2 protein chains.
Amino acid sequence: MNTVYAVGLGPGSEEYMTRQAWQALDKCDIICGYTVYVDLVRDIFPDKEMFSTPMMKEIDRCRWAIEKAEEGFNVAMVCSGDSGVYGMATLLLEIAENHENIEIEVVPGVTAALSGGAVLGAPISHDFCVISLSDLLTPWELIEKRLDCAGQGDFAMAIYNPRSKKREDYLKKACEILLKSRTPETICGWVKNIGREGQIYEIMTLRELADEKYKDVDMFTTVFIGNSATRRSGNRMLTPRGYDRKCEL
Amino acid sequence: MNTVYAVGLGPGSEEYMTRQAWQALDKCDIICGYTVYVDLVRDIFPDKEMFSTPMMKEIDRCRWAIEKAEEGFNVAMVCSGDSGVYGMATLLLEIAENHENIEIEVVPGVTAALSGGAVLGAPISHDFCVISLSDLLTPWELIEKRLDCAGQGDFAMAIYNPRSKKREDYLKKACEILLKSRTPETICGWVKNIGREGQIYEIMTLRELADEKYKDVDMFTTVFIGNSATRRSGNRMLTPRGYDRKCEL
């Protein structure tokens with residue numbers, strides 16, 4: 001039986017890929033995915049057949065991969081970060097439901113909540129939520145509801161797709177919702193171009209984030225919201241796990 | 001300046017480690033950590049100095065690593081999964097605050113929400129929460145509050161430390177809280193010994209999970225709670241991203 005591997009590459013360069021991901025790419029016949037992600041692995045496997053499609057063509061891409069597997073090839077569908085978290089794994093599983101002669105194998109990867117968190121220090125070292133502000137596939141009302149619930153639950157948060165040209169004010173709106181349950185001094189941070197050229201980050205308060213002082217925040221940026229115990233330590237953002245309540249550190 | 005690397009190993013064997021993690025272990029002088037995690041890398045670096053301490057000795061372990069760095073060594077502190085998510089990164093950063101002559105570098109890894117999710121299919125492919133049921137460092141009331149908020153927000157969830165001998169009924173209690181906002185038919189799953197020998201998993205409803213039909217669930221198990229759109233597909237658990245609302249798959 002032929003396999004389509006849904007492969008999470010991690011944030012960028014080969015350095016962040018697991019051996020399992022590398023091996024899946026190595027043993028497949030064709031690598032496919034969104035152009036930018038295919039380009040990330042082109043140099044590692046120069047002799048491999050590659051098939052890339054532009055953004056928004058996710059369904060066509062998955063159908064193509066499944067067809068190729070039915071024709072007798074093993075195919076790897078590459079995703080940045082993890083292949084599950086807002087990745088292609090679930091769409092492949094959905095489309096493959098009526099194709100019993102192929103197998104979908106999900107290969108996880110380091111998602112931006114983890115790789116961006118490592119750049120900032122340890123912002124999500126306690127209970128946390130991951131929320132995307134993209135309303136392309138999710139009604140905005142549900143995103144607002146989730147932000148509100150996450151705020152009330154004092155979760156640390158990683159926010160994906162925080163701002164685009166079409167959705168310039170979404171991060172501001174999100175911060176205003178969080179300010180209903182969090183203090184303006186809540187420590188936040190963002191990391192842009194994680195693990196790639198031009199990686200930058202900033203640490204600030206929720207009030208400053210809401211005031212849109214950070215025009216650099218875009219679709220290539222992951223935003224972190226601390227919980228009530230999160231603090232700034234020099235140029236790092238850290239969320240204590242609670243050892244400090246048990247004894248002196 | 002000497003460095004203490006907080007290194008996330010991923011779920012188990014070398015296969016799940018990133019190259020960045022491997023390189024950090026390779027270039028350090030000493031590898032330290034909880035016995036079980038140090039044992040995971042002993043065979044990969046047989047000539048390296050190893051220092052392991054039993055569980056619950058986290059603060060001593062971090063102090064020891066920082067002292068060794070001050071003595072002139074580069075030290076790797078290994079964690080299973082990610083080094084940030086319930087890992088040692090934040091404790092190292094806290095203890096290192098008064099040691100300006102050493103550096104802490106956080107190396108992320110594939111946390112159980114991602115590696116266990118890949119085993120089940122794609123249970124957390126949309127907005128999700130990670131919640132630990134361990135109340136060693138977190139008041140149980142706060143854990144209850146977070147479960148309640150996550151339930152109301154229709155988040156998919158990964159639950160860490162779901163049950164131990166001392167906390168036999170915590171998962172049942174958690175399910176009962178979730179049943180206030182979720183239907184009994186909500187699709188759930190669990191994976192035990194992710195990426196290790198004896199890996200097993202099950203998919204079931206929230207009602208079945210609450211009824212404690214699954215005695216295998218222990219501290220080496222990660223539990224997944226679906227959102228209202230999550231469904232079972234054969235032997236997989238998948239949370240659609242919403243493409244099915246836009247067009248026919």
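Values in this document were obtained by computation on a predicted structure and should not be read as measured data.

Structural notes on the pairing of strand β7 (residues 128-132) of chain B
A large share of β7 of chain B lies buried, amounting to five of its five residues. Of the two faces of β7 of chain B, the one holding F128, V130 and S132 of chain B and the one holding C129 and I131 of chain B are both buried throughout. Both strand β7 (residues 128-132) of chain A and β7 of chain B contribute to a ladder of three bridges, which runs antiparallel. When the bridges of β7 of chain B are listed, C129 of chain A appears paired with C129 of chain B. Bridge count for β7 of chain B against strand β8 (residues 156-160) of chain B is five bridges, and the pairing is parallel. Across the sheet, residue F128 of chain B finds its bridge partner in β8 of chain B, namely A156 of chain B. Crossover handedness for the path β7 of chain B to helix α6 (residues 140-152) of chain B to β8 of chain B: right-handed.

Regarding the environment of G10 of chain B
Residues and elements named next belong to chain B. Summarising the element assignment, G10 is placed in the loop between β1 (2-8) and α1 (19-27). G10 sits in the buried class, given a relative accessible area of 0%. Along the sequence, G10 and I194 sit 184 residues apart, while their C-alpha atoms lie 9.6 Å from each other.

Some thoughts on the packing of aromatic side chains
What the rule picks out here adds up to 11 aromatic pairs over all chains. Directly above the aromatic system of F155 of chain B lies the positively charged group of R146 of chain A, at a separation of 5.7 Å from the ring centroid.

Conventions used here
- Here the residue numbers are simple positions, counted from 1 along each chain's written sequence.
- Note on labels: chains are lettered from A, ligands numbered from 1, in written order.
- Since the coordinates come from a predicted model, pLDDT governs what is reported: local features require at least 70, and pairs of side-chain atoms require 80 or more to be given and counted, while whole-chain, interface and lining totals use all residues.
- The basis for every side-chain value is the complete set of heavy atoms in the structure, and neither hydrogens nor water enter the calculation.
- Burial classes follow relative accessibility: with a 1.4 Å probe on protein chains only, a residue under 20% of its type's maximum area counts as buried, one over 50% as exposed, and anything between as partly exposed.
- Where helices and strands are cited, they refer to DSSP runs of H or I of at least four residues and of E of at least two residues respectively, numbered from the N terminus.
- When DSSP locates at least two bridges between a pair of strands, those strands are taken to pair.
- Here, the term right-handed applies to a crossover whose path from the first strand over the helix to the second runs clockwise when the strands point away from the viewer.
- In this analysis, rings of Phe, Tyr and Trp, with Trp reduced to its six-membered ring, are considered paired at centre separations within 6.5 Å, and the interplanar angle assigns stacked below 30 degrees, edge-to-face beyond 60, and tilted for intermediate values.
- Placement of a positive charge over a ring is assigned whenever Lys NZ or Arg CZ falls within 6 Å of the ring centre and within 35 degrees of the normal to the ring plane.

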